[in-house]
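Now for the letters of each chain:
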Amino acid sequence: MEIGADTLQISTASPRMWRARTPDASQVERLQAIRREHDIHPLVVHVNYLVNLASRDQEIRARSIATFRGELDRAATVGAEFLVVHPGSYKGQSPDDGISACAEGLCQAARGFAGKVTVLLENTAGCGAALGSRFEELRAIRDRALPSAEAPIGYCLDTCHLLAAGFDITTVGGLRSTIRHAGDVLGLENI
């Protein structure tokens, strides 16, 4: 409020632990009152950093899907409009297999979800086997998930990750080029 911010990104549980508890009802009421009082909109929740929906390792995948579903439910509970997730690592498989695994994981986790939260696939720096440093990867995940996804899916562009992935966003021309490319591949209305 002191700096004039009108939006907020939070975690609903520790971002570095698998387990999480349901948000306390009195804290949720307080958060909603503060949002109304200061016109904070939208509210964004960032998914736990351990979640890797692109993994095919059975234990990691099961935990990731269950944890992501918990994140969806908690985001709805606190009244968030968006839930941001990194696509994950395709280690041990091809990037295309990782894209399919991520899309399938999104759909499995959202099965039966009745909330009004939009999932946002966040771009990454692209280190190692991380998916999402290329807009085309993000688009492919969304395209594969949409036919059976029970939650809307869009994109979140992290400027630090864009820079680390090699996008020139430090100059006016470079930023315009990046935005144009994002619009061409992802559609600005989905970002």
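Relevant structure appears above.
On a predicted model such as this, the values are computed, not experimentally measured, just so you know.

1. Focus: the overall build of the chain
Item 1. A tally of regular secondary structure across the chain gives six helices and five strands.
Item 2. Each helix and strand of the chain, placed in order from N terminus to C terminus, yields the pattern β-α-β-α-β-α-β-α-β-α-α.
Item 3. Computed over its C-alpha atoms, the radius of gyration of the chain comes to 17 Å, within 12% of the 16 Å expected for a compact globule of 191 residues.
Item 4. Taken along its principal axes, the extent of the C-alpha atoms in the chain is 45 × 45 × 30 Å.
Item 5. Counting the 191 residues in the chain, one finds 43% classified as buried.
Item 6. Roughly 10,100 Å² of accessible area belongs to the chain as shown, and the carbon and sulfur atoms make up 52% of that amount.
Item 7. Averaging the coordinates of the 20 positive side-chain charges in the chain and doing the same for the 23 negative ones gives two points 4 Å apart.

2. A short note on the pattern of salt bridges
Item 1. In this structure the tally under the stated criterion is eight salt bridges.
Item 2. Taking the shortest distance from any N to any O, the salt bridge between Arg-144 and Asp-96 comes out at 2.4 Å. Pair noted here: Arg-144 is in helix α4 (residues 135-145) and Asp-96 is in helix α3 (residues 95-110), with a separation of 48 residues, a long-range link.
Item 3. The class for Arg-144 is partly exposed, based on a relative accessible area of 36%.
Item 4. For the salt bridge of Glu-136 with Arg-134, the shortest nitrogen-to-oxygen distance reads 4.0 Å.
Item 5. Residue Glu-136 is classed as partly exposed on the basis of its relative accessible area, which comes to 32%.
Item 6. Within this structure, Arg-134, Glu-136 and Glu-137 form a network of salt bridges that share partners.

3. So, the state of the cysteines
Item 1. Overall, the coordinates contain zero disulfides when judged by the stated rule.
Item 2. Lacking any disulfide linkage, Cys-102 is separated from the closest cysteine sulfur, that of Cys-107, by 9.6 Å.
Item 3. Taking the relative accessible area as the measure of exposure, Cys-107 reaches 8% and is therefore buried.

4. Topic: the sheet that holds strand β3 (residues 82-85)
Item 1. Judged by pairing direction, the sheet is parallel, and its five strands sit side by side in the order β1-β2-β3-β4-β5 without closing on themselves. One side of each edge strand has no neighbouring strand; the edge strands of this open sheet are β1 (8-10) and β5 (153-156). Neighbour to neighbour, the strand axes of the sheet diverge by 30 degrees on average, direction disregarded.
Item 2. Where strand β2 (residues 43-46) and β3 come together, three bridges link them in parallel fashion.

5. Digging into a nonpolar patch on the surface
Item 1. Together, Leu-175, Ile-179, Leu-188 and Ile-191 make up a nonpolar patch on the protein surface, roughly 340 Å² of accessible area in all.
Item 2. Positionally, Ile-179 belongs in helix α6 (residues 172-186).

6. What to know about the pairing of β5
Item 1. Taking every second residue as pointing to the same face, both faces of β5 are buried, with Ile-153 and Tyr-155 on one and Gly-154 and Cys-156 on the other.
Item 2. The pairing of strand β4 (residues 118-122) with β5 spans four bridges and is parallel. Its bridge partner being in β5, Val-119 is matched across the sheet by Ile-153.
Item 3. Considered for its hand, the β-α-β crossover made up of β4, α4 and β5 is right-handed.

7. A closer look at unusual backbone geometry
Item 1. In this model, His-41 is joined to Pro-42 through a cis peptide bond whose omega is 0 degrees.
Item 2. You can see Pro-42 is positioned in the loop between α1 (25-38) and β2.
Item 3. Of note, the phi angle at Asp-39 is positive, near 50 degrees, even though the residue is not glycine.
Item 4. As for its position among the elements, Asp-39 is in the loop between α1 and β2.
Item 5. Under the relative-accessibility criterion, Asp-39 is labelled exposed at 59%.

Thresholds, definitions, all that
Residues numbered from 1 in each chain as written. Predicted model: local features only at pLDDT ≥ 70, side-chain atom pairs only at ≥ 80, totals over all residues. Heavy atoms only, no water. Helix = DSSP H or I, 4+ residues; strand = E, 2+ residues; numbered from the N terminus. Rg over C-alpha atoms; globule rule 2.2 N^0.38 Å. Buried < 20%, exposed > 50% of the residue type's maximum accessible area, 1.4 Å probe, protein only. Areas by Shrake-Rupley, 256 points an atom, 1.4 Å probe, with all protein chains shown as cover. Lys, Arg positive; Asp, Glu negative; His and termini not counted. Charge placed at Lys NZ, Arg CZ, Asp CG, Glu CD. Salt bridge = Lys/Arg side-chain N within 4 Å of Asp/Glu carboxyl O. Disulfide = S-S within 2.5 Å. Pairing = 2+ DSSP bridges. Axes fitted to C-alpha atoms, helices over the stretch in contact; angles between N-to-C directions. Patch = residues over 30% accessible without salt bridge, like charges linked within 9 Å, V, L, I, M, F, W, Y side chains within 5 Å. Right-handed = clockwise from strand over helix to strand, strands pointing away.

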